[in-house]
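Examination of the molecular architecture
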Amino acid sequence: VQLQASGGGLVQAGGSLRLSCAASGIVFSIWTMSWYRQAPGKQRELVATITDGGRTNYASSVKGRFTISRDNAKNTAVLQMDSLKPEDTAIYYCHAARTTLSGEYVYWGQGTQVTVSS
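Criteria and thresholds
Residues numbered from 1 in each chain as written. Predicted model: local features only at pLDDT ≥ 70, side-chain atom pairs only at ≥ 80, totals over all residues. Heavy atoms only, no water. Helix = DSSP H or I, 4+ residues; strand = E, 2+ residues; numbered from the N terminus. Rg over C-alpha atoms; globule rule 2.2 N^0.38 Å. Buried < 20%, exposed > 50% of the residue type's maximum accessible area, 1.4 Å probe, protein only. Areas by Shrake-Rupley, 256 points an atom, 1.4 Å probe, with all protein chains shown as cover. Lys, Arg positive; Asp, Glu negative; His and termini not counted. Charge placed at Lys NZ, Arg CZ, Asp CG, Glu CD. Disulfide = S-S within 2.5 Å. Pairing = 2+ DSSP bridges. Salt bridge = Lys/Arg side-chain N within 4 Å of Asp/Glu carboxyl O.

**Re the overall build of the protein**
Along its length, the protein carries zero helices and 11 strands. Ordering the α and β elements of the protein from the N terminus gives β-β-β-β-β-β-β-β-β-β-β. Here the C-alpha atoms of the protein give a radius of gyration of 14 Å, agreeing with the 13 Å that 2.2 N^0.38 yields for 118 residues. Counting the 118 residues in the protein, one finds 40% classified as buried. Total accessible area computed for the protein in this model is approximately 6,300 Å², and 48% of it derives from carbon and sulfur atoms. Charged side chains in the protein number 11 positive and 7 negative. The centres of these two groups are separated by 1 Å.

This is the structure we're talking about:
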């Protein structure tokens with residue numbers, strides 16, 4: 001299983017970035033996809049989630065600014081980040097999860113750095 005995250009970079013405050021997570025090795029459409037982030041010296045936190053049914057959930061700090069979506073035909077999850085703030089600076093990680101009768105299965109992608117300058 002591979003989760004390949006891309007799209008990070010350096011942007012000024014108020015700008016936008018689009019992160020993509022390309023999945024392989026799983027039946028993508030039945031997995032819940034999430035983005036987490038970890039800023040220096042802080043714990044990793046959940047940013048946004050989209051279920052296999054398309055339901056979304058956001059951290060309060062990004063609600064209204066970030067949008068998570070998925071394209072099951074392309075096995076890709078996307079995080080559109082608008083109105084970026086310096087406090088959004090972090091390494092962003094793609095995450096796939098699925099709960100079955102035999103337990104929960106979780107995969108992490110490598111991180112992609114997002115830096116927002118003031």
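**Details of the state of the cysteines**
Counted under the stated rule, the structure contains one disulfide. Between the sulfur atoms of Cys21 and its disulfide mate Cys94 the distance is 1.9 Å. Residues Cys21 and Cys94 share a disulfide whose torsion about the S-S bond is about -80°; that sign makes it left-handed. Separated by 73 residues along the polypeptide, Cys21 in strand β3 (residues 17-24) and Cys94 in strand β9 (residues 90-100) bring together distant segments of the chain. Among the residues examined, Cys94 registers a relative accessible area of 0% and is labelled buried.

**Examining the pairing of β3**
Burial along β3 is one-sided: Leu17, Leu19, Cys21 and Ala23 are buried, while Arg18, Ser20, Ala22 and Ser24, pointing the other way, are not. Relative to β3, strand β1 (residues 2-6) runs antiparallel, the two being bridged by five bridges. What sits directly across from Ala5, in β3, is Cys21. Judged from the six bridges that link them, β3 and strand β8 (residues 76-81) form a sheet pairing that is antiparallel. Residue pairing in the sheet places Ser20 in a bridge with Val78 of β8.

**With respect to the pattern of salt bridges**
Applying the stated rule across the entire model yields three salt bridges. Measuring nitrogen to oxygen at the nearest pair gives 2.6 Å for the salt bridge that ties Arg37 to Glu45. Look at Arg37 and you get buried, because its relative accessible area is 6%. Exposure remark for Glu45: the relative accessible area of 33% places this residue in the partly exposed category. A salt bridge links Arg65 to Asp88, with the nearest nitrogen and oxygen atoms 2.7 Å apart. One end of the pair, Arg65, is in the loop between β6 (56-58) and β7 (66-71); the other, Asp88, is in the loop between β8 and β9, with 23 residues separating them in the sequence. One salt-bridge network, held together by shared partners, links Arg37, Glu45, Arg65 and Asp88.

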